[in-house]
Every structure is written in structure tokens, then in C-alpha cells.
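Inside the fold
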Amino acid sequence: MSTSREQMDRAALDAAVVQARKSLAEGGIPIGAALMSPEGIIVALGHNERVQSGDPTAHAETVCIRSAGRRRDWHTLTMATTLSPCAMCSGTAVLHRIPRVVIGENMTFKGREDWLTAEGIEVVVVHDLRCTSMMEDFISARPELWDEDIGVPGE
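This report concerns the structure included in the present document. (Residues numbered from 1 in each chain as written. Predicted model: local features only at pLDDT ≥ 70, side-chain atom pairs only at ≥ 80, totals over all residues. Heavy atoms only, no water.)

Helix-helix packing is described using two parameters, namely the angle between the two axes and the distance between the axes. Between helix α1 (residues 5-25) and helix α6 (residues 129-141), the shortest axis-to-axis distance is 11 Å and the interhelical angle comes to 20 degrees. Taken as axis vectors, α1 and α6 run roughly parallel relative to one another. The two elements α1 and α6 cross, and the hand of that crossing is left-handed. Mapping the contact onto sequence places Arg10, Leu13, Asp14, Val17, Ala20, Arg21 and Leu24 in α1 and Arg130, Cys131, Met134 and Phe138 in α6. Residues belonging to the contact of α1 with α6 are distributed by class as follows: 7 nonpolar, no polar and 4 charged. (Axes fitted to C-alpha atoms, helices over the stretch in contact; angles between N-to-C directions. Helix = DSSP H or I, 4+ residues; strand = E, 2+ residues; numbered from the N terminus. Parallel < 35°, antiparallel > 145°, perpendicular 65-115°, else oblique. Left-handed = near helix turned anticlockwise from the far one by under 90°. Contact = heavy atoms within 4.5 Å. Nonpolar A, V, L, I, M, F, W, Y, C, P; charged D, E, K, R; others polar.)

Throughout the structure, instances matching the rule amount to 11 salt bridges. We note a salt bridge from Arg10 to Asp128, for which the minimum N-O separation is 2.6 Å. Of this pair, Arg10 sits in helix α1 while Asp128 sits in the loop between β5 (122-125) and α6, and the two are 118 residues apart along the sequence. Overlapping salt bridges, with partners in common, bring together Arg10, Asp14, Asp128 and Arg130 in one network. (Salt bridge = Lys/Arg side-chain N within 4 Å of Asp/Glu carboxyl O.)

Strand order across the open sheet formed by 5 strands is β2-β1-β3-β4-β5, with mixed pairing between neighbours. Both edges of this open sheet fall to β2 (42-47) and β5, since each of them pairs with a single strand only. Ignoring strand direction, the axes of neighbouring strands in this sheet form an average angle of 15 degrees. Lying over the sheet, α1 contacts β1 (32-36), β2, β3 (78-81), β4 (100-103) and β5, oriented at roughly 145 degrees with respect to β1. On top of the sheet, helix α3 (residues 60-68) reaches β1, β2 and β3; it is set at about 140 degrees to β2, its chief contact. (Pairing = 2+ DSSP bridges.)

Where α3 meets helix α4 (residues 87-95), the closest approach of the two axes is 8 Å, and the angle between their N-to-C directions is 35 degrees. Together, Glu61, Thr62 and Ile65 of α3 and Met88, Cys89 and Thr92 of α4 make up the contact between the two elements. Here the contact of α3 with α4 is built from residues that sort into 3 nonpolar, 2 polar and 1 charged.

Inspection of the secondary structure assignment puts Gly46 in strand β2. As for Gly46 and Ala68, which are separated by 22 residues in sequence, their C-alpha atoms are 9.2 Å apart. Those residues in contact with Gly46 that lie beyond four places of it in its chain are Gln19, Gly32, Ala33, Ala60, Val63 and Cys64.

As far as function goes, none of this settles anything; it's purely spatial.
Structure below.
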């Protein structure tokens, strides 16, 4: 029995959700990402480490790509992320020619999905309630930290 693309996407998003919860438990922003091969194998994971590391570029997608190391198969991978990727993370996907991005939710924040699409990247938004509620709860509890993460100027 073969695994459908939808099942593989769900498994990658599930792995990203685990990463988002890990970041939240560490006191960070609850965003996670996973890279998956065409066979459905998770090849890298990452979660937002900006608060934990003090690195403003340590968004989940970027951390995930860093953890994947040097590769020559980027053009075959799917990235799953719990939240619509910002300009920096979208740019990383564009740069590495990742052909598919599965997004858990884009209601609390809509990143540069337009750029991904314009570059020919298939964008799949699944409207996962786990992702939405995790971000809504976090933004409600820590609005100043969220604003810092997405580059909203301070008062």
C-alpha cells in the first residue's frame, strides 16, 4: 500500500507541530518546520530559536534548512511549516528551489506566499487548527515577543 502525498504532507506537518511545541516549551516562538523527501522521509527538523539563541534569523524554516546541511536534492524536497513563512524564510525556500511548501495556517500571519507562488513553488495551506490555536494563544499571551519576531517596531 502506497502512502499518498496528502498522508506524507500530514506526517511532515505533524513533525513540524512537534517542533513548534518544543520551541514553546523552551520559552520561544511556537513555530516549527520539517523537510521531507519525495518518499516521505523527514530529512531535517527545526523550530524557531530566535529567543533561545538571540539570533534574529533563527526562524523555524531557516533553522530546519541549516540542520539539513549541504545537499544537492533541495529541488525534490517539501517543506512543512506550522505558519506562513515570512519574507526571509520564503526567500530561503526560493533560493534553494524547494518546489513545495505545506503551511499549517496563515490566519494569524500571512507571509510571502505570493512570492513563493510567483517563483513556481506549490503552496498548500491546510488550515490546521492545532497550528492556528497555538499561534493565537501565543500572540494573545506574548504580543510584544510576537511583534519582535515579525519585525514590528517597538513603542
